[in-house]
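Spelled out from the first residue to the last, the chains are:
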Amino acid sequence: MTASDVTITEAGTPANRPLLEIRDLAITFNTSNGEVNAVRNAHLTIMPGETVAIVGESGSGKSTTALAAIGLLPANGRVSGGQILLDGEDISDAPEKRMIELRGNTIGMVPQDPMSNLNPVWKIGYQVKETLRANGRPSGPDDIAKVLAEAGLPDAHRRAKQYPHEFSGGMRQRALIAIGLSCQPRLLIADEPTSALDVTVQRQILDHLEGMTSELGTAVLLITHDLGLAAERADKVVVMYRGQVVESGPSLELLQNPQHPYTRRLVESAPSLASRRIQVAKEQGVEAADLLAPAAEARAADNVLQIQDLRKVYKLRQGLGKSSDFAAVDGVSFEVLRGTTTAIVGESGSGKSTVAKMVLQLEKPTDGKILFDSVDTSLLKPSELFKFRRRVQPIFQDPYGSLDPMYNIYRTIEEPLRVHKIGNKASREKKVRELLDQVALPQSTMQRYPNELSGGQRQRVAIARALALDPEVIICDEAVSALDVLVQAQVLNLLADLQSNLGLTYLFITHDLAVVRQIADHVCVMEKGRLVETGSTDDVFDAPQQEYTQALLNAIPGAKLMLPPEVA
Amino acid sequence: MIQFIFRRLLQVIPVFLGTTLLVYFMVFALPGDPIRALFGDRPPSEAVIAALRQQYNLDQPFWVQYGLFLKNLFTFNLGVDFTGQPIAATLGRVFPVTVMLAVEALVIQAVFGIGFGLIAGLRKGKIFDSTVLLASLVVIAIPIFVLGFVLQLVFGVYLGWAKPTVGTDVSWSTLLLPAFALALVSFAYVLRLTRASVIENSTADYVRTATAKGLSRPRVVMAHILRNSMIPVVTYLGASLGGLMGGAIVTEGIFNVPGVGQKLYQAILRSEGPTVVAIVSVLVLVFVIANLLVDLLYAWLDPRIRYEK
């Protein structure tokens, strides 16, 4: 190795000069309520070839900071202070012409949502081609196929001729990675590149991205809300909170010894790092069981739900009256003990939500039985079904979509009481107030509308609504998946508290094994409509029997990071 | 795809039978005797009337009349109208004129509507946008028979840039003014539709990604904003083609264009069943084919839409 190799990288940058340096960055948005400072005094340094992660919850300014670095702030946003130095050149107020030169060639981007970031009307190959062409690179069919193949898309020549809707989410993200890296940029901005994907796919994509960038010597600015993922993938982590950088440093150091209170909270609540079930509820339960051992045994045999050989077959239309059978759920059997939490985990398409829908009597099973309190639910008369619904309540994934925007919170929570003709106006209002207390929302929330609440608050409203009828079983279909980690931790704690106070039974549908670890007593792992593994959460996590379960567990970001016990 | 087109063409048959039957019935149900109306104040002898009735099958019951019409239609014999001219020849004379008028109007509204809509959408909230929006609202609010006369008076009479009426001198240039009048109303809708669609697509994630790839602004606008914005606009344009063909009665009247609208109007006044039905039948065909073309164009613009087998 000669002296010049040490100090000068390929592109002629002195190795000790940062590739990207953000100094005192301030970003302001003009909104109808006046100016909002989205980012203040942000600092960030990325050396050539280095991976730096920005971690924070939604609204923390992490994406805004990254977008400013590639000159893609929304129309109402602007850099109102500080500098963005790319290789020593301040690009914070560079003319658009210069930014067009830099984009693609020098700074690439892999956006967040693979579903919405490819133009649906152009073939994948064309979207790669125009990138290559715009940056003055050869763009023949072979060049396009090469770019796609490098991003891990098999059969690239054929794939290039397909449209985005013919790709799965993981494949689309690979195509977007291919586009982002096609012109071998020196800096790649990856904005939550995998948060929309299943964990196992997430892992493959991140591994591939890591491999490609280290081979090309590309520096990566990784934006994520998941501290575990950041620590696992990045050399350095920058934590942002409410528009400010609150802490930064080498990943492991920051994780093991967080200084700022916010970082500490993040480390504590990161689902991927927590390794134990939330204990509040369990300790009480265990004590009670110890004192009343026979009663506990009796309770142990009390299966509130028994699912027996459940099948759901959908007919897939294949045109001209032909159809083929597709078994979304295929011979699933399990039991749910009263007062415990059973989690069904699996990737999208594994049939877990279909099971939930059938238990809720929203879909009819093709075959098999669902016993609720030893009664076959398929034999319920309409009036009995109505009573059944009172005892089994759902909480759905999307708190934005599952609350009626035209109903205020009082009406939302009161509605089930009214439908089931419970109490009079005064007693219903009292009940709603109690419910709001239970989910730790202020009474003043009653008069507000869903759009005035945050995601976490809305999910609390959804929980209050589910609790209104004093149900015995609550079915949570991805109930915390749409929430930020801190909010997610709060909601999980709330659910655990409610379980110990009210003796609720949860059936928890999720793709997130980290959440399972925190909340569940029993786990059912589903793959392609079949139940591949069941057992207690500890058993499944400590000694997974199936290869598929192992793959799922290995895919949890940060799973292998060693943390001091007091933090974990 | 070919199966899809074939199936759509098969659908033409019931649509065609249904509409012709309906129109035939409505003409049949018109009050007054068409033969007597032909002669006005000097009624001919009963024998002449009876002969004419027989010639036009007016003495037959409705179903027989309709059946005879269909039979003639499939033997490509459209018959003669009350003035003794073959209906086929009349159609051959008036349809080209209206097609020219409609195509010219369609081009005008597409070019200006999409062009202005695109610029307005890209400059949302700026002066150009506000002006164009206001102007389009004015155009939508004023009925065509007022707009038509104003255009005729200003450009045809005062400024003398165009001939105020078309008459027998039918050409692309003489039809320009009526085509413009005809295009105006749909033009305002095309503009607003394009504008709304452009505004929506401008903030799409894939547009941001396209910019992040290093594409120049014109390329982002043309390939990613405009192309995606065309999907609803094309549907509207296709549907409006039928309207332009059949709905030109007022415009053709104002500018004295010897087209379908004028002929149809005269035929209705005279309760000339066969002529009315013949014209409407062709219009139905135009509608159906225009809609088929829109569907095909739609699939080309949006590959997510595929017409299955």
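Details of the structure are given in the entry above.
Every chain is numbered on its own, with residues counted from 1 as its sequence reads. For this description, chains carry letters from A and ligands carry numbers from 1, given in the order in which they are written. Two thresholds apply to this predicted model, a pLDDT of at least 70 for residue-level local features and 80 or more for giving and counting side-chain atom pairs, whereas whole-chain, interface and lining totals are computed over all residues.

In DSSP terms, a helix is any run of H or I states spanning at least four residues, a strand is any run of E spanning at least two, and both are numbered starting from the N terminus. Looking only at helices and strands, chain B features 13 helices and 0 strands. Counting from the amino terminus, chain B carries its helices and strands in the arrangement α-α-α-α-α-α-α-α-α-α-α-α-α. Overall size of chain B, expressed as C-alpha extent along the three principal axes, is 85 × 60 × 30 Å. Looking at chain B as a whole, 35% of its 309 residues qualify as buried. Working definition of burial: number of other C-beta atoms within 10 Å of the residue's own, with buried at 20 or more, exposed at 12 or fewer, and partly exposed in between, all C-beta atoms being placed from the backbone.

Glancing now at the interface of chain B and chain A. Between chain B and chain A, the residue contacts involve 23 residues of the former and 24 residues of the latter. The set of elements that each furnish at least two residues to the side of chain B that touches chain A consists of α9 (205-212) and α10 (217-246) of chain B. Counting residues per element, the side of chain B that touches chain A draws most heavily on α9(B), which supplies 7 residues. Residue polarity follows a fixed list, in which Ala, Val, Leu, Ile, Met, Phe, Trp, Tyr, Cys and Pro are nonpolar, Asp, Glu, Lys and Arg are charged, and the others, Gly among them, are polar. Looking at side-chain class alone, the side of chain B that touches chain A contains 8 nonpolar, 6 polar and 9 charged residues. Each residue gets a C-beta atom placed from its backbone, and two residues are in contact if those atoms lie within 7 Å.

So, about the packing of helix α11 (residues 261-269) of chain A against helix α19 (residues 485-502) of chain A. All names here are of chain A. Lines fitted to the C-alpha atoms define the axes, with helices restricted to the stretch that makes contact. Angles between their N-to-C directions range from 0 to 180 degrees. For the pair α11 and α19, interaxial distance at closest approach is 9 Å and the crossing angle is 55°. In terms of orientation, α11 and α19 fall into the oblique class. The handedness of the crossing between α11 and α19 is left-handed. Counted together, R265, L266 and S269 of α11 and V485, L486 and A489 of α19 form the full contact between these two elements. Across the contact of α11 with α19, the residue classes break down as 4 nonpolar, 1 polar and 1 charged. By definition in this entry, angles of less than 35 degrees are roughly parallel, angles greater than 145 are roughly antiparallel, angles of 65 to 115 are roughly perpendicular, and the rest are oblique. Handedness of a crossing is defined here by the sense of rotation of the near helix relative to the far one, left-handed for an anticlockwise turn of less than a right angle and right-handed for a clockwise turn.

Glancing now at the sheet that holds strand β18 (residues 505-510) of chain A. Sheet strands pair via backbone hydrogen bonds, and the direction of the pair is either parallel or antiparallel. Residue and element names in this part refer to chain A. Only when DSSP finds a minimum of two bridges between them are two strands counted as paired. As summarised here, the arrangement of the 6 strands in space is β16-β17-β18-β13-β19-β20, forming an open sheet in which the pairing is mixed. Lying at the two open borders of the sheet, with one neighbouring strand each, are β16 (392-395) and β20 (530-536). Pairs of neighbouring strands in the sheet enclose a mean axial angle of 15°, with direction left out of account. As paired strands, β16 and strand β17 (residues 473-477) are joined by 4 bridges and run parallel to one another. Across the sheet, residue V392 finds its bridge partner in β17, namely V473. Helix α18 (residues 455-467) contacts β16 and β17 of the sheet and is inclined by roughly 170° relative to β16.

Another point: the nonpolar core. A set of buried Ala, Val, Leu, Ile, Met, Phe, Trp, Tyr and Cys residues, joined to one another through C-beta atoms within 7 Å, is what we call a nonpolar core. Core analysis: the biggest nonpolar cluster contains 213 residues, and A:L148, A:A175, A:A178, A:I189 and A:L221 have the highest contact counts within it. It is helix α8 (residues 176-202) of chain B that provides the largest number of residues to this core, a total of 13 residues. Beyond its immediate stretch of four places on either side in the chain, A:A175 contacts A:L118, A:I124, A:L148, A:A151, A:L153 and A:F167.

Purely geometric stuff here, so don't read any function into it on its own.
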